[in-house]
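The lines below spell out each chain.
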Amino acid sequence: MRHDTRNRGAAAPGDMLPEAGKFPSPGRKPDHPLLPRMIAAFPGTVILLLCVVLSILPRAAEAQGPSPKEPFPLRICIHGRPRTIHDLGIICGRNWGTFVKHGLKPEYVLASGAVNMVAGLLNGEIHIAHARGEAVAAMAEGADLVLVGIVSPGVPYYFVTGPETNSPKDLAGKQIVLTNESGTPGTNRFFLERMGLGEGDVSVLTIQNTSERLAALESKAVAGVLLTPPSAQVAMELGFRSLFDFTGMENSFPNTITGILTTRSFLRDHPHAVEAYIRGLSEATFRMRTDREGTLEAMAEHFSLDRKAHGKSLEEICDSVIRQSLPVIPWICRETARRQIEFVARSNPAAASLSVEQVYDEGPLRALERTGFFEGFRGRDPLQRGE
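Owing to the predicted nature of the structure, the values given are computational and were not obtained by experimental measurement. All residue numbers refer to positions counted from 1 along the written sequence of the respective chain. Totals for whole chains, interfaces and linings use all residues, but because this is a predicted model, local features are given only for residues with pLDDT of at least 70 and pairs of side-chain atoms are given and counted only at 80 or more. Side-chain measures here rest on the full set of heavy atoms in the structure, leaving out hydrogens and waters.

(A) Structural detail: the overall build of the protein chain. Helix numbers and strand numbers start at the N terminus; a helix is a DSSP run of H or I with at least 4 residues, a strand a run of E with at least 2. Regarding its fold elements, the protein chain presents 16 helices and 11 strands. Contacts are assigned to residue pairs that have any heavy atoms within 4.5 Å of one another. Of the contacts formed within the protein chain by residues at least 6 apart in sequence, a portion of 80% connects residues at least 24 apart.

In structure tokens:
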């Protein structure tokens, strides 16, 4: 894992001092006559008690998360290859300083693969990550993990084919490529059913690398491939077409529902740090809808795309995909969460016993709702809250 300690776009919060206590002035009758007698009678004991109290206070403050005086050092995971659209809020929050604004000192940790990400959370190298179905699978095995919000109800998928393919029926008897999660029972069936195809209608191949998928499509070794942004948009720039769009909630792949993942112990010990992260993420995601230039710059950086060569693809993602796939407020929709758990249970029966409450903790969102923080976003987010 690689660490990036860049904190951009905001100054550190100012210091604040606690209100000073009031002590009796000389010659004035004390408000508490016993206090000076105790100090005079047991000076050593009073000083010892004072030292104990002062030593405990900093620990109590740290346990509560960020304070106005000392930003909380939060280690945030950014996924390595392949880069994912659901990390865009983190990239923009880093660039615009929204995490720093809310009392955090973010450190960005690169982790490739779900196994490394989960391991990093459990050993404390990572505090916060955006995770998909692998989080639920790990919880089913007893991992001390919890999701505290949904940052995407589903990663958008596009089934891309050559211009000669006009309908899914034209794929009959041909080879196609679906997700690289071929080991998950029901994955291929999920996509085939929504395209009106049966498992015996086509031959499904597994190609892990995105560039190899595109090469297979260009050489006509396969008739169609399943892609996510920005690869799908880049393919369409090359003359291919999107035969089927899995962007909508009804068609979204349940295993790609993405949530804010942390450990239960970290949430218990640092609730305000988790709340501060959600504040920073929500502000960044909202600004992604208004700061088009800054969002395009962040996407080009995140996906390693040249803005001149792939400007059209980046603009489509900015203007359409982000609004459909990344809600400003990461509300926990129970129906979405239930679909996720049920899908994971197909390959991991232990997950079937998990309830939504065992997987998701609404505490941080409820706490922020009580403060009125989300009021400025209401009615301005196309992905409204679901119950």
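(B) Structural view of helix H11 (residues 271-287). The end-to-end C-alpha distance of H11 is 25 Å, a good match for the 24 Å that 17 residues give at a rise of 1.5 Å each. Counted residue by residue, H11 has 13 buried out of 17 residues, so it is predominantly covered. The span you would expect from a helix comes to 1.5 Å times its residue count less one. We call a residue buried when its accessible area falls under 20% of the maximum for its residue type, exposed when it is over 50%, and partly exposed in between, using a 1.4 Å probe and counting protein chains only.

(C) Summary view of helix H16 (residues 363-371). Turning to H16, its buried residues number three or more, namely Pro364, Leu365, Ala367 and Leu368. Seen end-on, H16 carries its buried residues on one side only, within an arc spanning 160°. Elements that come into contact with the buried residues of H16 comprise strand S5 (145-152), helix H10 (264-269) and H11. Just downstream of H16, Gly372 is the residue with a positive phi angle, here 85°. Each direction from the helix axis to a C-beta atom contributes to the arc, which is the arc of those directions.

(D) Just unusual backbone geometry, in detail. With an omega of 0°, the peptide bond between Pro229 and Pro230 qualifies as cis. Here Pro230 shows up in the loop between strand S9 (224-227) and helix H9 (231-237). Positive phi is not limited to glycine here, since Ser304 has a value of about 55°. Mapped onto the elements, Ser304 comes out in the loop between helix H12 (292-303) and helix H13 (311-325). For Ser304, a relative accessible area of 49% puts it in the partly exposed group.

(E) Layout of the packing of helix H3 (residues 88-96) against H12. Axis geometry follows a simple rule: fit a line to the C-alpha atoms, using only the stretch in contact for helices, then measure angles between N-to-C directions, giving values from 0 to 180 degrees. Relative orientation of the contacting elements H3 and H12 amounts to 115°, with a least axis distance of 10 Å. As H3 packs across H12, the resulting crossing turns out to be right-handed. Counted together, Leu88, Ile91, Cys92, Arg94, Asn95 and Trp96 of H3 and Gly294, Thr295, Ala298, Met299, Glu301, His302 and Phe303 of H12 form the full contact between these two elements. Grouping the amino acids of the contact of H3 with H12 by side-chain chemistry returns 7 nonpolar, 4 polar and 2 charged. For any pair of crossing helices, the crossing counts as left-handed if the nearer helix is rotated counterclockwise from the farther one by less than a right angle, and right-handed if it is rotated clockwise. Gly falls in the polar group here, along with every residue not listed as nonpolar (Ala, Val, Leu, Ile, Met, Phe, Trp, Tyr, Cys, Pro) or charged (Asp, Glu, Lys, Arg).

(F) Fine view of the nonpolar core. In plain words, nonpolar cores are sets of buried Ala, Val, Leu, Ile, Met, Phe, Trp, Tyr and Cys residues tied together by side-chain atoms within 4.5 Å. Residues Leu261, Tyr277, Met299, Tyr360 and Phe374 are the most contacted members of the largest nonpolar core, which totals 92 residues. If near-sequence neighbours (up to four positions away) are discounted, Tyr360 is found in contact with Val146, Leu147, Gly149, Ile150, Ile257, Ile332, Ala337 and Gln340. Core analysis: the second largest hydrophobic core is formed by 18 residues, Phe191, Met195, Leu226 and Phe246 among them.

(G) Region of the structure containing the side chain of Thr295. The residue Thr295 is located in helix H12 in this model. Owing to a relative accessible area of 1%, Thr295 belongs among the buried residues under this scheme. Setting aside residues up to four positions removed in sequence, Thr295 forms contacts with Trp96, Arg287, Met288, Cys318 and Ile322.

(H) Spatial organisation of the sheet that holds strand S4 (residues 129-131). Taken together, 3 strands build an open sheet; the order of strands is S4-S11-S5 and the sheet is antiparallel. Both outer strands of the open sheet, S4 and S5, are each paired with one neighbouring strand and no more. For this sheet, the mean inter-axis angle between neighbouring strands, taken without regard to orientation, is 40°. Should DSSP find at least two bridges between two strands, the strands are taken to pair. Looking at chain direction, S4 and strand S11 (residues 258-263) are connected through 3 bridges and run antiparallel. Note that in S11 the partner of His130 across the bridge is Ile260.

(I) Summary view of the environment of Ala300. By secondary structure assignment, the location of Ala300 is in helix H12. Among the residues examined, Ala300 registers a relative accessible area of 10% and is labelled buried. As for Ala300 and Leu314, which are separated by 14 residues in sequence, their C-alpha atoms are 7.3 Å apart.

(J) How the structure looks around the sheet that holds strand S8 (residues 203-205). Across the sheet, 5 strands lie side by side as S8-S7-S9-S6-S10; this open sheet has mixed pairing. Where the open sheet ends on each side, the last strands, each with one partner, are S8 and strand S10 (241-245). The mean inter-strand angle of the sheet, taken between neighbouring strand axes irrespective of direction, is 30°. Inspection of the sheet shows strand S6 (residues 158-161) paired to S9 by 4 bridges, in the antiparallel sense. The residue of S9 that forms the bridge with Thr161 is Gly224.

Note that all results are geometric; they support no functional claim without further evidence.
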